[in-house]
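The chain contents come next:
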Amino acid sequence: MHYKKSWKKLLSLGLAAVTMLALAGCGGGQSSSSSGGKQTLAIGLMPDTDSLPFLIAEEKGYFADEGLKVDIQQYKSAMDRDSALQSGNLDGAVSDMLAASFARDGGFDVKITSATDGSYKLVAGKEEPAKDVQGLKGKDVSVSRNTIIEYVTDQMLAKANMQGDDINKVIIPQIPTRLEMLQNGKLAAATLPEPMASIAIHNGGHLINSSDNLGINPGVIVFTEKATKDKKKEIQAMYRAYNRAVDYLNNTPRDEYIDFVIEKAGFPAEAKDALVLPKYHKAVLPEEQDVTDCIKWLNAKELVKETYSYDDLVINLLGD
C-alpha cells in the first residue's frame, strides 16, 4: 500500500480514535501526569540513529533533571508511528518532512520543531560493478514508494542528471527485506537508512552516494499542533535534555554506550561492529531549502495538493 493512500485511511481511523479518547478522557499523548509541574510528553521513536539522543537522555537522567517525564514509545513501522500520532497517543515523534507534509495535506496538523541527523545511503551489492549512480542505469534499485527513501534516491539521480525511470525501482517497503535481498545478490543496489546501510557496507556492499554527500537532511522531529500549544515548556525542556545527550554521544567513547543503544534501539546484533554513528548536532530548525525541495518533489509527483511554505510546516520552540 502506498504511503499517501495509507495516510487517507489512517486519517479516518485517527479521527474516530481521537473522538473516543476525548470521551474517555485519556490517551498517552494527552496525559496530564506531571513531574515537577510538567506534563508528560509521549514521543514515538523508530529503530534508527535519529532516536539515540532520546534513549541516552532517558538512560542518563537528563529528562528527570529537567523535571520532565517522557513516555518513549518505539515503533518498527512509520505507518504505526503516524497512526499513533494521529490517534492522540503521541505528542511528537522522530519523523521526516514527507510524513509531516502528508499529515498536513490530509488535514492533520503537525509541526516540524527541529532537524535530525539521519543519513540515507545508496549502497550497491558486493558483486555489483557500478561505482556511481550513472553505473546503475537500467538496473534494479530498491526503494520504498513515496517515502523519504524514494525522495533521497531521486535527489541522487537528479544530481547525476538522471530521471527516476532511468533505474528499475524495485519497491520493497520492509527495510530488513530490502537489506536481505541486496546481500543475496538479488538487487544491484538499495537505498537504506542507518544502521542498515552500515551493515550492508560492513558485509561487502559499497557506497554509491548518500544524503550526507548531497548536503540534504529531510529527517525531522515533529509535534502535534496541540502539543506545541499546550506543552511548549515541556518540549523546550525535552530539547535541553536532548542537547545534553548530543554532547554525551559526541564526547564519550563508543564502547561505553554501544551495547545499551543496540539493545534499546532494537538494532540487529551485527550493528554493534558495523554501525557508524553520525556526528550529532544540537537541536536546530531545518534548512528552508530542504523543506522547499521536499515540497517541490511532492507537488511534482502529485502526492500533496498544496505548495506549503516553510512557515506552514515549521515552528520555532527551541528558545527558553
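The coordinates are above.
Bear in mind that the values here come from a model prediction, so they are computed numbers and not experimental data.

Q: Describe in detail the overall build of the chain, supporting the description with residues and values.
A: Each helix and strand counted, the chain has 15 helices and 12 strands in total. Counted over contacts in the chain with a minimum sequence separation of 6, partners at least 24 positions apart contribute 79%. For the chain, the exposed area adds up to about 14,100 Å²; of that, 48% sits on carbon and sulfur atoms.

Q: Describe the pairing of strand 6 (residues 110–115), with residues and values.
A: Of all the six residues making up strand 6, six are buried; the element is thus mostly covered by neighbouring parts of the structure. As judged from the five bridges shared by strand 6 and strand 12 (residues 219–224), these two strands associate in the antiparallel manner. Looking at the pairing, Val110 lines up with Thr224 of strand 12.

Q: So what's going on with the packing of helix 2 (residues 52–59) against helix 12 (residues 258–265)? Residues and values would help.
A: In the contact formed by helix 2 and helix 12, the axes pass within 10 Å of each other and the chain directions differ by 110°. One way to sum up the angle between helix 2 and helix 12 is to call them roughly perpendicular. Helix 2 and helix 12 meet at a crossing whose hand is right-handed. Here helix 2 contributes Leu52, Leu55, Ile56 and Glu59 to the contact with helix 12, which in turn contributes Phe260, Val261, Lys264 and Ala265. Its residues assigned to classes, the contact of helix 2 with helix 12 comprises six nonpolar, no polar and two charged.

Q: Before we move on, could you go through the pattern of salt bridges and cite the residues and values that matter?
A: Side-chain pairing between opposite charges can occur once the charged atoms of the two side chains come close. Applying the stated criterion across every chain, the model contains 17 salt bridges. For the salt bridge of Lys229 with Glu225, the shortest nitrogen-to-oxygen distance reads 3.9 Å. One end of the pair, Lys229, and the other, Glu225, are both in helix 10 (residues 225–230), four residues apart, so they sit about a helical turn from each other. What makes Lys229 exposed here is its relative accessible area of 60%. On the basis of relative accessibility, which here comes to 28%, the residue Glu225 falls in the partly exposed class. Here Asp259 ties to Lys272 by a salt bridge, and the two come within 2.9 Å at their closest N and O atoms. On the criterion of sequence distance, the pair formed by Asp259 in helix 12 and Lys272 in helix 13 (residues 271–274) is long-range, its members being 13 residues apart. It is possible to trace a salt-bridge network through shared partners that takes in Arg145, Glu150, Asp154, Lys169 and Lys301.

What counts, and where the lines are drawn
Residues numbered from 1 in each chain as written. Predicted model: local features only at pLDDT ≥ 70, side-chain atom pairs only at ≥ 80, totals over all residues. Heavy atoms only, no water. Helix = DSSP H or I, 4+ residues; strand = E, 2+ residues; numbered from the N terminus. Contact = heavy atoms within 4.5 Å. Areas by Shrake-Rupley, 256 points an atom, 1.4 Å probe, with all protein chains shown as cover. Buried < 20%, exposed > 50% of the residue type's maximum accessible area, 1.4 Å probe, protein only. Pairing = 2+ DSSP bridges. Axes fitted to C-alpha atoms, helices over the stretch in contact; angles between N-to-C directions. Parallel < 35°, antiparallel > 145°, perpendicular 65-115°, else oblique. Left-handed = near helix turned anticlockwise from the far one by under 90°. Nonpolar A, V, L, I, M, F, W, Y, C, P; charged D, E, K, R; others polar. Salt bridge = Lys/Arg side-chain N within 4 Å of Asp/Glu carboxyl O.

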